[in-house]
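Okay, here's what each chain looks like letter by letter:
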Amino acid sequence: MSVVLVLQARGLGELLTAVPALRALRRARRNDHLVLATPHRLRPMVELIALVDEMVPIADPQGLRWDGPPPKLAINLHGAEATPIVELAKTGAERILTYRNPAFPEIPGPDWHDDRHPIDRWCHLLEFDGIGADRRNLGLVPPVATTSHRDSVVVHIGAGATARQWPADRFAAVIRHLLVLGHEVVLTGDEGDRERAHGIAARAGLAGQRVLAGNQNLIELSATVAEASVLLCGDTGVAHLATAFGTRTVQLFGPSSPAQSGPPGHLLNRHEVLWAGRTGDREGTTPDPGLLQIGAAEVIAALDRQLSKRRSEAGVTGASYRRVG
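Every chain's residues receive numbers from 1 upward, in the order its sequence appears when written. With pLDDT at 70 or above as the cut-off, local features in this predicted model cover only qualifying residues; side-chain atom pairs require 80 or more to be listed or tallied, and sums for whole chains, interfaces and linings still use all residues. Remark: hydrogens and water are excluded; side-chain values derive from all non-hydrogen atoms of the structure.

(A) Seen up close, unusual backbone geometry. Along the chain, G254 connects to P255 via a cis peptide bond; the corresponding omega equals 10°. Looking at the secondary structure, you find P255 in the loop between β9 (248-253) and α10 (258-261). Unusually for a residue other than glycine, D151 sits at a positive phi of about 70°. You can see D151 is positioned in the loop between α5 (118-128) and β6 (153-156). A helix here means a DSSP run of H or I that spans at least four residues, while a strand means a run of E at least two residues long, and both kinds are numbered starting from the N terminus.

(B) The environment of I219, seen in detail. Within the fold, I219 resides in helix α8 (residues 218-227). For each residue, the accessible area found with a 1.4 Å probe, counting protein chains only, is set against the maximum for its type, and the residue is called buried under 20%, exposed over 50%, and partly exposed in between. When its relative accessible area of 24% is taken as the criterion, I219 is described as partly exposed. Remark: the alpha-carbon pair of I219 and L42, spanning 177 residues in sequence, is separated by 9.8 Å. The contact partners of I219, leaving out residues within four places of it in the chain, are P44 and P143. Any two residues having at least one pair of non-hydrogen atoms within 4.5 Å are treated as being in contact.

(C) The arrangement of the pairing of strand β8 (residues 230-234) in detail. In terms of burial, β8 is largely enclosed, as 5 of its 5 residues are buried. Covered by surrounding structure in β8 are V230, L232 and G234 together with L231 and C233, the residues of both alternating faces. Note on pairing: two strands pair once DSSP finds at least 2 bridges between them. The sheet contact formed by β6 and β8 spans 3 bridges and is parallel. Among the inter-strand pairings, V154 is bridged to a residue of β8, identified as L231. Sheet topology note: the β8/β9 ladder contains 5 bridges and is parallel. Pairing of L231 across the sheet is with T249, part of β9.

(D) Broad picture of the nonpolar core. Remark: nonpolar core denotes a set of buried residues (Ala, Val, Leu, Ile, Met, Phe, Trp, Tyr, Cys) joined through side-chain atoms within 4.5 Å. Of all hydrophobic cores here, the largest spans 49 residues; its most connected members are V6, M45 and I75. Ranked by residue count, the leading element in this core is helix α9 (residues 237-245), at 6 residues. The residues touching I75, leaving out its near neighbours within four places in the chain, are V4, L5, V6, L7, L25, L88, L97, L125 and L126. Among the nonpolar cores identified, the runner-up in size contains 31 residues, and V153, V174, V250 and A296 belong to it.

(E) Layout of the pairing of strand β1 (residues 3-7). The element β1 is extensively covered by neighbouring structure, given that 5 of its 5 residues are classed as buried. With burial as the criterion, each face of β1 is covered, one bearing V3, L5 and L7 and the other bearing V4 and V6. Two strands pair when backbone bridges link them, and β1 and strand β2 (residues 33-38) are joined in this way by 5 bridges, in the parallel orientation. From the neighbouring strand, V4 faces β2, where its bridge partner is L34.

(F) Broad picture of the sheet that holds β2. A sheet is described by the order of its strands in space; here 5 strands give the open sequence β3-β2-β1-β4-β5, paired in parallel fashion. Edge positions in the sheet fall to β3 (54-57) and β5 (96-97), since each of these pairs with one other strand and no more. Docked against the sheet, helix α4 (residues 82-90) engages β1, β4 (73-76) and β5, running at close to 165° with respect to β4. α5 contacts β4 and β5 of the sheet and is inclined by roughly 150° relative to β4. With axes taken as lines fitted to C-alpha atoms, and helix axes fitted only over the stretch in contact, angles between N-to-C directions fall between 0 and 180 degrees.

(G) The packing of helix α6 (residues 168-180) against helix α7 (residues 194-204), seen in detail. Across the interface, α6 lies against α7 with an axial gap of 8 Å and an inter-helix angle of 50°. In this view, α6 runs oblique relative to α7, as classed from their interaxial angle. α7 is crossed by α6, and the crossing has right-handed handedness. Residues A168, D169, F171, A172, I175, R176 and L179 of α6 form the contact with α7, whose participating residues are R196, I200, R203 and A204. Just so you know the grouping, Ala, Val, Leu, Ile, Met, Phe, Trp, Tyr, Cys and Pro go in nonpolar, Asp, Glu, Lys and Arg go in charged, and all remaining residues, Gly too, go in polar. Considering only residue class, the contact of α6 with α7 consists of 7 nonpolar, no polar and 4 charged. To sort the angles, those under 35 degrees are grouped as roughly parallel, those over 145 as roughly antiparallel, those from 65 to 115 as roughly perpendicular, and the leftovers as oblique. What makes a crossing left-handed is the near helix being turned counterclockwise from the far one by less than a right angle; a clockwise turn instead makes it right-handed.

In structure tokens form, the structure reads like this:
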């Protein structure tokens, strides 16, 4: 049995945007032993996706320790930089499929484009190798919820960097509006967001037990997002969960363009993205000026629209982009 090793050592959103490519790979290599090298924290999601035969937990590409037989094929779904290619070469793989890097002129591959959406990026890489991939094939079956928050508005305050963190007072203003209208609201985030989430809840008049930030594992968070009436979030992996489960969203973008990491363009009317049209440092240590141009009033209006659509549920899926500022 041939081994195919796939490297993707980034976060939740990156893994979810690789699902169409992984599905295409699984179909094309049904009889191969498919191994995914990805962070340990993503194991529950890897099991939910259920496309690989084995997972190798790594924190980053340099953490890859391969002690199995040389893979028949090693696929770089991590990035075009040299490090993942070097680490895959160390496995003794017969062949490496990756985007072209000038440091490895002997390895063919397509040219990398920064502005390509990651779903398209990884499907395009497989297509370069003759494997057809359906970019729409990214849906997941939701996990079973142990504690149900069905039809709540989920407000996810987490962000991978301060640059993508919308101000607490604006989150609180939005939540107050939702509570006045009688909506159930829960706050989500990771353990590092817990204190901030409780501060936002206190400011908004939201009961402490509605703060789930830091109290859920990845599967519980996934179930909460899947059951939500609408998700409000920034540019983070949880937004891709909502896309996978068909949950309506309002997404706040800055400093990155939604064309690069937002809902895929073939969707229409299910996701509403607010963006000021300016870009900056995605990993910056201060809130992005473009993100700060998005006010509470715009977010409230977008949520009201999505909640109205949710009530009528016309059944049309898709993405709507709305420029602010």
